[in-house]
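Summary of structural features
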Amino acid sequence: MLSALRPVNRGQKAGGKPFPAPVGGWNARDALADMPVNMAISMDNFFPSFGRVSTRRGYSAWGTGLGAMVKTLCEFNAGTSRKLIAAANGKIWDVTSAGAGTQLATGFTSDAWQFAQFDDAGGGPRMGFVNGLDAPQIYDGATVGAMTVSGSGLTVANLVGIHVHQNKSYFWEKNSQNFWYSATSALGGVLTKFNLGRLSGFGGNLVKMDTWSVDAGNGPDDLAVFLMDSGDVIVYAGSDPGSVTTWSLVGKYHIGPAIGYRPTVKIGAELYAITKSGYQPMSQIAKLGVQKQSVVLSDIIRSAVNTAVENASSLGGWQALLYPAGNYCLFNYPVSTSIFEQHIVNTETGAWCRFRGQNGYCWSLLNDALYFGGDSTVYKADTGYADAGIAIQADCMTSWNYLGMPGVLKNPSMARVLGATTNSAAIPFALTVGVDFKTQGATISGSVPTTNTSPWDT
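Residue positions are given per chain, counting from 1 as you read along its sequence in written order. For this predicted model, a pLDDT threshold of at least 70 governs which residues receive local features, and a threshold of 80 or more governs which side-chain atom pairs are given and counted, while totals over whole chains, interfaces and linings are taken from all residues. Heavy atoms from the whole structure form the basis of all side-chain values; hydrogens and water molecules are not counted.

**What about the layout of surface pockets?**
For the record, the criterion: Grid points spaced at 1 Å and placed over the protein atoms alone form the basis of the search, with a cavity being a set where a 1.4 Å probe fits but cannot get out and a pocket an open set showing protein on both sides within 12 Å along at least five of seven lines. Lining residues have an atom within 4 Å of a point. Grid points are joined across faces, edges and corners, and a volume is the space filled by probe spheres set on the points. Working definition: helices are DSSP H or I runs of at least four residues, strands are E runs of at least two. Numbering for both runs from the N terminus.
Of the pockets and cavities examined, the second largest pocket occupies roughly 1,300 Å³. Those elements that place two or more of their residues in the lining of the second largest pocket are β6 (72-78), β11 (114-120), β16 (159-165), β21 (206-212), β25 (264-267), β28 (319-323) and β32 (362-366). A total of six residues in the lining of the second largest pocket trace back to one element, the largest contributor, which is β16.

**Brief notes about the sheet that holds strand β18 (residues 178-181)**
How we decide: Pairing between two strands requires that DSSP report at least two bridges joining them. Axis angles are defined between N-to-C directions and span 0 to 180 degrees, where every axis is a line fitted to C-alpha atoms and, for a helix, only to the segment in contact.
Read from one edge of the open sheet, four strands run β16-β17-β18-β20, paired in antiparallel fashion. The open sheet is flanked by β16 and β20 (192-195), the only strands paired with a single partner. If you compare each strand with its neighbour and ignore which way they point, the axes differ by 30 degrees on average. Bridge count for strand β17 (residues 168-173) against β18 is three bridges, and the pairing is antiparallel. By the bridge assignment, Trp-172 is partnered in β18 with Phe-179.

**Overview of empty space enclosed by the protein**
As a reminder, the rule being used: Residues are grouped as follows: Ala, Val, Leu, Ile, Met, Phe, Trp, Tyr, Cys and Pro are nonpolar; Asp, Glu, Lys and Arg are charged; all remaining types, including Gly, are polar.
A full pass over the atoms with the stated rule returns one cavity of 30 Å³ or more. If you add up the space inside the largest cavity, you get close to 30 Å³. If you go around the largest cavity, the residues you meet are Phe-19, Pro-20, Val-37, Thr-398, Ser-399, Trp-400 and Asn-401. Of the residues belonging to the lining of the largest cavity, the class tally is four nonpolar, three polar and no charged.

**Digging into the pattern of salt bridges**
Heads up, the rule is: A side-chain nitrogen of Lys or Arg and a carboxyl oxygen of Asp or Glu constitute a salt bridge if their distance falls within 4 Å. Accessible area is worked out with a 1.4 Å probe on protein chains only. A residue is then buried under 20% of its type maximum, exposed over 50%, and partly exposed in between.
For the structure shown, the criterion picks out ten salt bridges. Asp-299 serves as the salt-bridge partner of Arg-29, at 2.5 Å between the closest nitrogen and oxygen. Linking Arg-29 in the loop between β1 (25-26) and β2 (39-44) with Asp-299 in the loop between α1 (282-288) and α2 (302-312), this pair joins segments that are 270 residues apart in sequence. Classification of Arg-29 by relative accessible area gives partly exposed; the value is 36%. When its relative accessible area of 7% is taken as the criterion, Asp-299 is described as buried.

So, in structure tokens, the structure goes:
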């Protein structure tokens, strides 16, 4: 007698599905349902790199006893002399060595100096400082003193910007469309005025000058770029603004208005600017003739940048700085007058994240290491595993994952977290599982152990 065949169970089988590390970085642009699985909806204090993400390193106190918020930090680099200079509490300080800062000069109204270093024909390597309120200063590697500077119709205390281009020093005043330039091989001295207002069709005042290397290196074809707070960008070629044969207009473009007096940074041959429309690349603006959001460096985090601009574009602390040893560029922005955060882009992969808890008004390198100026203290960054003794909290919300089967009901029952640490102590973590684009769900907590064991099923 034949028996009936048993029905075959063709239902779904249990199986594992990987959630890749969000090495694609922070995505504050795309819809949640369309975001690539290797990206993150938020990524704070995690740095995306090749094949992994890692928590940022910490910071420790370096230059102490400065008395107020540090608003200027810069490196003097001449031969074997490398010094870290800070400004706080109406004074200029030497904070090259760890410990209490050494006072170099005092009696200033503003601590927000702009600076540029130049090998002056008359005085050797020197660094010039201007802030729009005090008399310009010069640092020669040992002492600070008043800069010798003059010009017909110039109020020297109004000089708020300084730059070195094609063997001349350039200056500009606050609330002005003029720039002033020196004689060849001179830092300061007798200056000559050049009025950019005759070319700027949108008005506004000059806030920043920089040099754009269109050939991927420094050379005689480097261009002078002038950024106006109206959004005008005026580009010149040449070495002498006083000569029609060696100074010519390359182009005039309009982008988002530049923010602050420290808005530019060079990454390779590219010059980027912090503007109200994002972090803009000069080469693409010049190529297209207009700004286009898709070519903006910060396009993938555009909503986050827009929020920062809307909330704090009038506050101080905006700055861009390249940190080659860390393989990233930071864009510092204020949240308030005392809280600062950084948008971070990996210069090798283009992936973004955000650093929080580093309240730096200003940033600089010294001997290729990273430092920032905080409240009465200069800190050494990217060092250790804590923020001045306080544990670093890193948070990440990965993109949503259909597990390869959109529209099919899934029943996840187990999750395994893979990680590694070089720290000698166990690292606590918490994992929250969300479903249907809702973050509410089960939370698992534990610690990454100090030994090479698996936390599976524990």
